[in-house]
Amino acid sequence: MYQLKFTSLFVGLLAPGIVMCAFTFDVPQYALRRSVQNCCNSRVLRVIKDLEDGKSLTLAVVGGSFSLPDQIKHEDVWFSQLVRYLRDTYPRANITAINAAVGASNAGFGFLCLSKMLPPTVDLVFLDYGPNVVTWSCDMTGQHQYYEQLIRQLLAYPGNPAVVAIEQLLPNKKPMYMYSEVTASALYRYYDMPYISASTGIFRLQALNVSGFAEHEIRMPNPVWGFWHYSPRGHKLIMDMVVHMLQSAAASNLAGIWPEQRDPFWVDEVPGGRTHTTLLPQHPIKQPLLCIMPEELPKYVESHKGWEFGADDPRKRKFGYISYRKKNSKKDNLLRIRWDRSAIGNKVGSTATSFALILVYLASYSGMGSARLSCSGGCSCEAQNIDATISDFSLSKVRPVSVNLLPPSTGGGADAACQVEVVNTSPGGKHAKFKVTGFVLAEMYPGREKEIGKVAFMNHEGGVRSATVN
């Protein structure tokens, strides 16, 4: 088993007398070549140069659970393997690594909550949202519009980081036309972004029944979904492809391509002259403002009659405001969340009036009931009835609502506080509980309120996990 071994002795001078060590690939060379797409742009080449010069760099991965350990050790994840490789290969460089992946999240969550996931400056970011942006057709609206916003947001980050996407091989022999890569690859080409195509690197190897690439050899078994997340072997295959891309970039650097390349996101390398238009129709969200998850939620709660903050799950991980309503009770268990201009600082202009508030709550097959969401004070919104009862699973869901600031003549204005009220309307008995775990606030483009359904995102864990930094 695993008989395919390919050793690459890439010689790159790190400093006088220091030579890059050999790396053993498990993926065949022709598959490696197919897996690396659009390599490489000036930002990636700059990262290679900074590594060789021994500078301080921050590397990060944002995405879903395919970049997290599942029944394996954290050090076996491809990103952890990559960090060890780079530290061994470039010993003079000071490398900080951040694994900011959040299980079962997608590009919408990444865009709205990026400030909680990454520091203001980062040098190389890997995007791994592909498995959670699966497409059923060649439709590039919806989540791909969110994905484009996330790409633009990262490319405009201070320091102009290199951004590299990873399009994973989906499990259980899903046809490749269902992969997000079919549509997302157009975004990568438009923004001159490199990306790793695990599907084109491994798909045919599986079809040919090559030893070491079958599902049971590269994935861990899951009692619900069958073989799903990668085993250490699977993570090593992704690591191979990333290393091959970086080695290709280093070879381009040695060939003298670096001085002639222009930054792909800036027009004529003039700061502020970034790519003037999006490829896809503009998403109704203009910019994220607040991403409030469980640990910060109490700061925004003005009152919580009938609600208590805590975690009632067995592992004490899902914190939030919890309310239980007795059967036939006439009391209103009311949770009031408050935000005002001071909460969003100078991110929006004085004329901004249209916002989206996205309530994050727990949905479950066990004990969950219903609630009613409404707005008062310096804002208005259409009241929402939320049913948190679902079958089979317990997961976080979101409910987006369009919120308008009221003009001064009606008691609102730039300084008026917006109050969002959640009332537990559960029938009691078997369905008595409601749990709020956070909320997200974003500015919408005026006149796009009818598209509020596009504002939803996926984040089953209900919060930003503590990023692994090493």
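Residues numbered from 1 in each chain as written. Predicted model: local features only at pLDDT ≥ 70, side-chain atom pairs only at ≥ 80, totals over all residues. Heavy atoms only, no water.

1. Structural notes on the nonpolar core
Note the following rule: Note on terminology: a nonpolar core comprises buried Ala, Val, Leu, Ile, Met, Phe, Trp, Tyr and Cys residues joined through side-chain atoms within 4.5 Å. Burial classes follow relative accessibility: with a 1.4 Å probe on protein chains only, a residue under 20% of its type's maximum area counts as buried, one over 50% as exposed, and anything between as partly exposed. Elements are defined by DSSP. Helices are runs of H or I of four residues or more, strands are runs of E of two residues or more, and each kind is numbered from the N terminus. In this description, contact between two residues means that some pair of their heavy atoms is separated by no more than 4.5 Å.
Judged by nonpolar contacts, the single largest core of 54 residues is most densely connected at Trp78, Phe79, Leu82, Leu86, Phe126 and Val242. Looking at which element gives the most residues to this core, the answer is helix H9 (residues 232–254), with 10 residues. Those residues in contact with Trp78, other than ones at most four positions away along the chain, are Val61, Phe66, Ser67, Phe126, Asp128, Ile166, His235, Ile238, Met239 and Val242. Grouped together as the second largest cluster of nonpolar side chains are 48 residues, Val102, Tyr191, Leu280 and Ala442 included.

2. Description of the sheet that holds strand S25 (residues 468–469)
As a reminder, the rule being used: Here, any two strands with at least 2 DSSP bridges between them count as paired. To get an axis, fit a line to the C-alpha atoms, keeping to the stretch in contact for a helix; angles then go from 0 to 180 degrees between the N-to-C directions.
What the 7 strands build is an open sheet, ordered S5-S10-S9-S8-S6-S7-S25; its pairing is mixed. Of all the strands in the sheet, just strand S5 (36–37) and S25 have a single pairing partner and so form its edges. Relative to strand S8 (residues 124–128), strand S6 (residues 56–63) is paired through 5 bridges, and the arrangement is parallel. Each bridged residue has a counterpart across the sheet, and for Val62 the counterpart in S8 is Leu127. Strand contacts of helix H2 (residues 42–52): S6, strand S7 (94–99), S8 and strand S9 (162–167), with the helix running at about 110° to S9, the strand carrying the most contacts. Across the sheet, helix H7 (residues 198–207) is in contact with S5, S9 and strand S10 (195–197); its angle to S10 comes to roughly 15°.

3. Re a nonpolar patch on the surface
Keep this limit in mind: The patches reported here contain residues having more than 30% relative accessible area and no salt bridge. Joining distances are 9 Å for like charges and 5 Å for nonpolar side chains (Val, Leu, Ile, Met, Phe, Trp, Tyr). The Shrake-Rupley method, run with a 1.4 Å probe sphere, supplies the accessible areas, and residue values consider only the shown protein chains as cover. Basic side-chain nitrogens of Lys or Arg form a salt bridge, by our definition, when they fall within 4 Å of a carboxyl oxygen of Asp or Glu.
Side chains of Val224, Trp225 and Phe393 sit close together on the surface and give an oily, nonpolar patch of about 320 Å² of accessible area. Residue position: Val224 is located in the loop between strand S11 (219–222) and strand S12 (226–230).

4. What about the pattern of salt bridges?
Under the defined criterion, the tally for this structure stands at 15 salt bridges. Its salt-bridge partner being Lys299, residue Glu296 comes within 3.7 Å of it at the nearest N-O pair. Using a relative accessible area of 62% as the deciding quantity, one classes Lys299 as exposed. For the salt bridge of Asp312 with Lys435, the shortest nitrogen-to-oxygen distance reads 3.1 Å. With Asp312 in the loop between strand S15 (308–311) and strand S16 (319–324) and Lys435 in strand S24 (residues 433–444), the pair connects residues that are 123 residues apart, well separated along the chain.

5. Brief notes about the sheet that holds strand S19 (residues 370–377)
Pairing is antiparallel across the open sheet formed by 5 strands, whose spatial order is S14-S17-S23-S19-S21. With partners counted over all chains shown, the strands left at the sheet margins are strand S14 (301–305) and strand S21 (384–387), one partner each. Strand after strand, the sheet turns through a mean of 20° between neighbouring axes, direction not considered. Sheet analysis places S14 next to strand S17 (residues 333–339), joined by 4 bridges and oriented antiparallel. Within the sheet, the bridge partner assigned to His304 lies in S17 and is Leu335.

6. Here's the deal with the pairing of S21
Only one face of S21 is buried: it carries Gln384 and Ile386, and the other face, with Asn385 and Asp387, is open. Sheet analysis places S19 next to S21, joined by 4 bridges and oriented antiparallel. What sits directly across from Leu373, in S21, is Gln384.

7. Quick word on H9
So the rule is basically this: Given a helix with a known number of residues, its expected span is that number minus one, times 1.5 Å.
When the terminal C-alpha atoms of H9 are compared, their 32 Å separation across 23 residues agrees well with the 33 Å that a helix rising 1.5 Å per residue should span. For H9, the tally of buried residues reaches 19 of 23 residues, placing the bulk of the element in the interior. Immediately downstream of H9, the backbone of Gly256 shows phi near 90°, a positive value.

8. What to know about unusual backbone geometry
Residue Cys40 is bonded to the preceding Cys39 through a cis peptide linkage, with omega at 0°. Looking at the secondary structure, you find Cys40 in the loop between S5 and H2. In this structure, Ala104 is a non-glycine residue whose phi angle is positive, near 55°. Looking at where Ala104 falls in the secondary structure, it is placed in the loop between S7 and helix H4 (107–117). Looking at Ala104, the relative accessible area reads 21%, which means it is partly exposed. Positive phi is not limited to glycine here, since Asn160 has a value of about 50°. If you trace the backbone, Asn160 turns up in the loop between helix H5 (143–155) and S9. Note on Asn160: relative accessible area 22%, which makes it partly exposed.

9. Structural notes on the state of the cysteines
Disulfide: a covalent bond formed between the sulfur atoms of two cysteine residues. To keep things clear, this is the line we draw: Pairs of cysteine sulfur atoms within 2.5 Å are what we label disulfides.
Inspection of every chain in the model, using the stated rule, returns 4 disulfides. For Cys113, the disulfide goes to Cys291, at an S-S distance of 2.1 Å. Note on the Cys113 and Cys291 pair: the S-S dihedral is about 90°, so by sign convention the disulfide is right-handed. A residue pair is termed long-range when its members are at least 10 positions apart, and Cys113 in helix H4 and Cys291 in strand S13 (residues 285–292) qualify at 178 residues. Like Cys113, the residue Cys291 is buried in the burial classification.

10. Topic: the confidence of the model for the protein chain
Basically, it comes down to this: Across the chain, each position has a pLDDT score giving the predictor's confidence in that residue, from 0 to 100.
Of all residues in the protein chain, 87% attain a pLDDT of 70 or more, and the chain-wide mean is 86. Across residues 9–19, where pLDDT falls below 50, the model places 22 contacts with residues more than four positions away in sequence or in other chains.

11. Structural notes on the environment of Asn385
Inclusion rule: Any N or O atom pair separated by 3.5 Å or less is treated as a polar contact, with the protein-specific requirement of one donor-capable and one acceptor-capable atom, and with residues adjacent in sequence counted only for side-chain atom pairs.
Checked against the element boundaries, Asn385 lands in strand S21. Asn385 sits in the exposed class, given a relative accessible area of 53%. Separated by 13 residues in the primary sequence, Asn385 and Arg372 have C-alpha atoms spaced 4.6 Å apart. Non-local contacts of Asn385, meaning those with residues more than four positions away in its chain, are made with Ala371, Arg372 and Arg399. At a separation of 2.9 Å, a polar atom in the side chain of Asn385 contacts the side chain of Arg372.

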